[in-house]
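Chains, contacts and geometry: an overview
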Amino acid sequence: MAGEIIRTYDLTKRYGDLTAVDSLNLEIQPGEVFGLLGPNGAGKTTTILMLLGLTEPTAGRAEVCGLDPTREPLAVKRQVGYLPDNVGFYDELTGRQNLRYTAELNGLPREEAERRIEAALEQVGLTAVADRKVATYSRGMRQRLGLADVLLKQPRVAILDEPTLGLDPEAAQEFLVLIRRLSREGGMTVLLSSHLLNQVQAVCDRVGIFVAGRMIACGRIDELAAQVFAGEPLQVEVEVEPASEAVLSAIRQTPGVREAQPAAPGEGPAGRLRLLLDRDVRGEVVRRIVGAGGTVLHLQLRSHNLDEIYRRYFRGGDGDGAAAAAGVARPAG
Amino acid sequence: MALQLRPAWLGRLAEARRELKRHAAGERLARWVREVQGWLPAGLGPIARKEFADLITSWRMGILVALLTVTGIASLYVTGMAIRSAAGVLEDEGYIFLKIFTASDGRLPPFTAFVGFLAPLLGLALGFDAISGEQNRRTLSRLLAQPIHRDAVLVGKFVAGVGAVGAMLLALGMAVGGLGLILVGVPPTGDELLRLLAFILTTVLYVAFWLALAILLSVVFRHSATSALAGIGIWLFFAAFWDLLADLVVGAMIPDTGSLRHAQVRTWLGRLSPVTLYTEAVVTLLTPTVRVLGPILLEQAIGALKGTLPIGQSLLLILPHLTGMLAGTVVCFAASYVLFMRREIRA
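We now turn to the structure provided with this report.

What counts, and where the lines are drawn
- Along each chain, numbering runs from 1 in the same order as the chain's sequence is written.
- As a convention, the first chain written is A and the first ligand written is 1, with the rest following in written order.
- Totals for whole chains, interfaces and linings use all residues, but because this is a predicted model, local features are given only for residues with pLDDT of at least 70 and pairs of side-chain atoms are given and counted only at 80 or more.
- Where side-chain values are given, they derive from all heavy atoms of the structure, hydrogens and water being excluded.
- When the sulfur atoms of two cysteines come within 2.5 Å, that pair is taken as a disulfide.
- Accessibility here uses a 1.4 Å probe with only protein chains present; expressed as a share of the type maximum, an area under 20% marks a residue as buried, one over 50% as exposed, and anything in between as partly exposed.
- Secondary structure elements are taken from DSSP: a helix is a run of H or I of four residues or more, a strand is a run of E of two residues or more, and numbering for both begins at the N terminus.
- Side-chain atoms within 4.5 Å link the members of a nonpolar core, which is a set of buried Ala, Val, Leu, Ile, Met, Phe, Trp, Tyr and Cys residues.
- Should any heavy atoms of two residues lie within 4.5 Å, those residues are counted as being in contact.
- For this analysis, a polar contact is any N or O atom pair within 3.5 Å, provided that within protein one partner can donate a hydrogen and the other can accept it, and provided that sequence-adjacent residues contribute only side-chain to side-chain pairs.
- Patch building starts from residues that exceed 30% relative accessible area and form no salt bridge, then joins like charges within 9 Å and nonpolar side chains (Val, Leu, Ile, Met, Phe, Trp, Tyr) within 5 Å.
- Note on areas: Shrake-Rupley, 1.4 Å probe, and residue coverage restricted to the protein chains presented here.
- Throughout this description, the term salt bridge denotes a Lys or Arg side-chain nitrogen within 4 Å of a carboxyl oxygen of Asp or Glu.
- Should DSSP find at least two bridges between two strands, the strands are taken to pair.
- Axes here refer to lines fitted to C-alpha atoms; in helices the fit is confined to the stretch in contact. Angles between the N-to-C directions go from 0 to 180 degrees.

Describing the state of the cysteines
Residues and elements named next belong to chain A. Scanning the model with the defined rule gives zero disulfides over all chains in all. Its sulfur unpaired, C65 is 19 Å from the next cysteine sulfur, which belongs to C218. In this structure C65 comes out as buried when scored by relative accessible area, which is 15%. There is no disulfide at C218, and the cysteine sulfur nearest it, in C204, is 11 Å away.

Here is the structure:
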């Protein structure tokens, strides 16, 4: 299909004996928010650098906006915005001056540049501090300035390397929502990398999971969950009243219910139960509870989050995966 | 009233016509600039502009300018006083104005010695963190993710440095010359002014060499401190130890110290150092009585008339020196180019 905006063909990067990226085949559709997930040192940054032409692949090739970043780096960089991991700015200049420099480097005419700078600052909410020196900015402000720096180019693709690193959870969430919104509004394709999975799962359309240079899974989060947890019981949390023996046995006797345990003590009210179902028989369970004279106060199917999926992949993976997981503290460089 | 003889609208018309003309010229200039930009690496203009602005507002540059100004004025004052009292005696030799820059009464070295000593420091100081600094501030990957050629970063920084140094040295040279004029009271001749200009340009070239070396070091070393230290090491090596080393080597090769061969080899060995090249070039430029560099035989000197060289001949004499410095600059630049162009840039 010719529609992909980013495509790689057996993209490989070796540093001596170490294979940082191993035969990566990636396809990203226009307008998509794609998450590149994996522990530090899994090859995410290297992949990004190859997509931008900042390093050359050892083998294979990449295609960004239909161009080869190794051969035509300038044409690619005109259409791709990049927010590096731990972005830096010229501290002695103001936020606006930093953006102005980027605009000049992109060859934007002055009035157009000023207009775009104003708009980008507005979008990331930095208008009020735009004329303060970057040295006075907080980590979150720098990160948002970095995003403004990307938006200013009005790129077709934005590549964000660890955009939430170093932000507190609230700021990170806010930042991701902002990215999501900007992507939706502007039709911008976003490729973001992260090792913080639960943060990212809410904003990504699709994710690719990287372990030791290989992408071991790729797809929508619910699809991945279905793959990983195939054949495992569904977990349902239910709260009933009264928590009488009659009600409990009614639940246990429902066909398809494998197990019904009271939730661990201290975890909410006494009537809270954790059920394991072989298949989705939630309706039947509710009917039986009501039939036994009980009331259902709360019922929730626990969905699998990315962290679980991710951990599962590690457990299922070979020794390399475990080694990579142990090396989480290693810096990305 | 005389003013009203000419109606106001006529003035405005003339102004409009001038405006139009200026505009056309501006248009032509703009087109020409666009054409030149077409074959320059993309992004060179903005980078050079920013770096230049950074340099001239930096503390680093300020300190160096202050240092050069203070030493320059001090040496100027001392020599100026000495020349003033001896002007009558010096009159026959001519070139009194140039003596402001080269003469010394023994208490303080002359202006050229100060400049020659501080010029490498200037080049090193402006360039030692050119690339490593961007890397440490984590701005390099963001910079290179813009649609610019990589060499634009190197060339832009180099051009900005040379521009800043050129402007500064020109201003300093003019200021010292002007003060000297006041102190000594002998106006410079056209020849002397040309020589002065050539001296300043040679110094800019010399600084450019050290700047290119500093940029190379900043590409090689990731830490700015290492790069600065390496630069200073190289500078000290050439400034202080090269001559000693050359003496040793020549002594080992040709033990006969009186022979012509000894003197020749010694001269050529010495000229491998940029410091020697610069010193010889400056001496030739500012002392027109210097007619030969290197060893000279007695029989060659016999019967030679005492006289001075015209500036063209002086320049011819130091052309190899200038070429040498230029070659050194180009080599440093090429090396940093090769190293930087294919390097992987990680944040």
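With respect to unusual backbone geometry
Residues and elements named next belong to chain A. The step from E241 to P242 runs through a cis peptide bond, and the omega angle for that step is -10°. Note that P242 resides in the loop between β11 (234–241) and α9 (245–252). Phi angles above zero are rare outside glycine, and Q154 is one such case at about 50°. The topology assignment puts Q154 in the loop between α5 (139–151) and β7 (157–161). By relative accessible area, which is 53% here, Q154 ends up exposed. Its identity is not glycine, yet A212 carries a phi of approximately 45°, on the positive side.

Examining the nonpolar core
Among the nonpolar cores identified, the biggest contains 110 residues, and A:I159, B:F199, B:W210 and B:F340 are the most heavily contacted of them. Counting residues per element, this core draws most heavily on helix α9 (residues 190–220) of chain B, at 19 residues. With sequence-adjacent residues up to four places away left out, B:W210 is seen in contact with B:P120, B:G123, B:L124, B:I234, B:W235, B:F238, B:P274 and B:V275. Counting 49 residues, the second-largest nonpolar core is a separate cluster that includes A:V33, A:L160, A:I179 and A:V228.

Re the environment of A:I159
Residues and elements named next belong to chain A. Relative to the helices and strands, I159 is located in strand β7. A C-alpha to C-alpha distance of 23 Å links I159 and E112, two positions 47 residues apart in sequence. Apart from the residues within four sequence positions on either side, I159 is in contact with I48, L51, L52, V80, G81, Y82, L83 and L191.

Overview of the side chain of A:R7
Considering the arrangement of structural elements, one finds A:R7 in strand β1 (residues 6–15). Polar contacts involving the side chain of A:R7 include one to the side chain of A:Y9, which spans 3.5 Å.

Remarks on a nonpolar patch on the surface
Residues and elements named next belong to chain B. Taken together, I232, L236, F237, F241, L244, L245, L248, V249 and M253 make up a surface patch of nonpolar side chains, about 830 Å² in accessible area. If you trace the backbone, V249 turns up in helix α10 (residues 224–253). In this structure V249 comes out as partly exposed when scored by relative accessible area, which is 37%.

What to know about the sheet that holds strand β12 (residues 257–262) of chain A
Residue and element names in this part refer to chain A. In spatial order, the strands read β12-β13-β11-β14; together these four strands make up an open sheet with antiparallel pairing. If you trace the sheet from one side to the other, it starts and ends with β12 and β14 (295–301), each paired once. Mean inter-strand twist for the sheet, computed between neighbouring axes without regard to direction, equals 25°. Pairing of β12 with strand β13 (residues 272–277), which is carried by five bridges, proceeds in the antiparallel orientation. Paired with Q261 across the bridge in β13 is R274. Each of β11, β12 and β13 is contacted by α9, which is oriented at about 150° to β12, the strand it contacts most. Helix α10 (residues 282–291) rests against β11, β12, β13 and β14 of the sheet, and its axis sits at about 165° to β14.

As for helix α3 (residues 95–105) of chain A
For an α-helix the count is 3.6 residues per turn, leaving residues at separations of three or four pointing the same way. Residues and elements named next belong to chain A. With eight of 11 residues buried, α3 lies mostly within the body of the structure. Looking only at α3, the buried set comprises G95, R96, N98, L99, Y101, T102, A103 and L105. Directly after α3, the chain includes G107, whose backbone phi takes a positive value near 70°.

Things to note about the pairing of strand β9 (residues 206–211) of chain A
Residues and elements named next belong to chain A. The buried fraction of β9 amounts to six of the six residues, a majority that puts the element mostly inside the structure. Of the two faces of β9, the one carrying R206, G208 and F210 and the one carrying V207, I209 and V211 are both buried. By the bridge criterion, five bridges tie β9 to strand β10 (residues 214–219) in an arrangement that is antiparallel. Bridge pairing links I209 to A217 in β10. Hairpin connection between β9 and β10: a loop of two residues separates the two successive antiparallel strands, and A212 in this loop has a positive phi of roughly 45°.

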